[in-house]
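The residues making up each chain are set out below.
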Amino acid sequence: MAVVTGPQAPALIRSKVVLLGAPGVGKTSLIRRFVHQTFSEEHLTTLGVKVDRKTVSLPGVNVVMLLWDMHGETVDLEVPAAYLRGSAAVLLVADASRLDQTLAPCQILLERLLSMSPNAAVQWVMNKADLIQDWEPAAAILDAAGIDIGATVKTSALDGRGVEDVFSSVASSIAGRATAGS
Ligand code: GDP
Ligand code: MG
């Protein structure tokens, strides 16, 4: 008699994902949109650290993303080391309508993060894309900062564009690295 085996259960990866960027760029709003499909005009001052969880199912693997969101008022440059340590991925969130002010904080935070989590997957996010008609000035600012615009994702927590895509892409990067490392 043939032994019938069921389909193999998908592997499970649990990973810490941090969102970094200047206050007001929309980190909390992106998580809200991705996890709860909602948007609010209020600026939520996240007290301490809030961890939301969402699972992204990919072929053969479920990636449980533990999304770390931190206090909005801290000059995010002073993010404590414990917040950065052990991150599998980082979303560097800039405000597309204020790139001149919001890009540099990401770069400083990225350096700190990579000193602690050198293998973290890095994803640049240009949020508030709904406010931008003409991307040329933004492209010039990114270029001057040495960031390849092709490697960035345009999102809007307000209308939802790009949000699922950016988190799915981060989940794929996490899964790819986990497979490569095993
Ligand atoms: P955080 O400090 O980075 O967590 O930023 P918040 O998520 O609290 O958002 C700051 C402000 O920007 C709030 O008033 C949000 O409603 C607004 N906001 C966030 N994302 C977007 C977006 O994609 N488009 C627009 N137009 N506003 C946004
Ligand atoms: Mg916040």
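Placed above this text is the structure.
This is a predicted model, so every value here is computed, not measured.

A.B. asks: An account of the packing of helix α3 (residues 99-116) against helix α4 (residues 136-144) is needed here, citing residue identities and associated values.
C.D. replies: Across the interface, α3 lies against α4 with an axial gap of 11 Å and an inter-helix angle of 30°. The orientation of α3 with respect to α4, classified from their angle, is roughly parallel. At the point where α3 passes α4, the crossing takes the right-handed sense. On the side of α3, the interface is formed by Leu99, Asp100 and Leu103, while α4 contributes Ala138, Ile141 and Leu142. Residues belonging to the contact of α3 with α4 are distributed by class as follows: five nonpolar, no polar and one charged.

A.B. asks: Would you mind going over the pattern of salt bridges in detail, with residue names and values included?
C.D. replies: Scanning all chains against the criterion turns up five salt bridges. For Lys54, the salt bridge is made with Glu164, and the minimal N-O distance between the two is 3.7 Å. With a gap of 110 residues between them, Lys54 in strand β2 (residues 49-58) and Glu164 in helix α5 (residues 163-181) connect regions that are remote in the sequence. Accessibility expressed as a relative area gives 42% for Glu164, which makes it partly exposed. Here Asp95 makes a salt bridge to Lys128, at a shortest N to O gap of 3.2 Å. Placement of Asp95 in strand β4 (residues 89-95) and of Lys128 in the loop between β5 (121-127) and α4 is noted, with a sequence separation of 33 residues between them. The class for Asp95 is buried, based on a relative accessible area of 1%. Counted as one network, the salt bridges with shared partners bring together Asp95, Arg98 and Lys128.

Criteria and thresholds
Residues numbered from 1 in each chain as written. Chains lettered and ligands numbered in written order. Predicted model: local features only at pLDDT ≥ 70, side-chain atom pairs only at ≥ 80, totals over all residues. Heavy atoms only, no water. Axes fitted to C-alpha atoms, helices over the stretch in contact; angles between N-to-C directions. Helix = DSSP H or I, 4+ residues; strand = E, 2+ residues; numbered from the N terminus. Parallel < 35°, antiparallel > 145°, perpendicular 65-115°, else oblique. Left-handed = near helix turned anticlockwise from the far one by under 90°. Contact = heavy atoms within 4.5 Å. Nonpolar A, V, L, I, M, F, W, Y, C, P; charged D, E, K, R; others polar. Salt bridge = Lys/Arg side-chain N within 4 Å of Asp/Glu carboxyl O. Buried < 20%, exposed > 50% of the residue type's maximum accessible area, 1.4 Å probe, protein only.

Everything listed here is a matter of geometry and, on its own, says nothing about what the molecule does.
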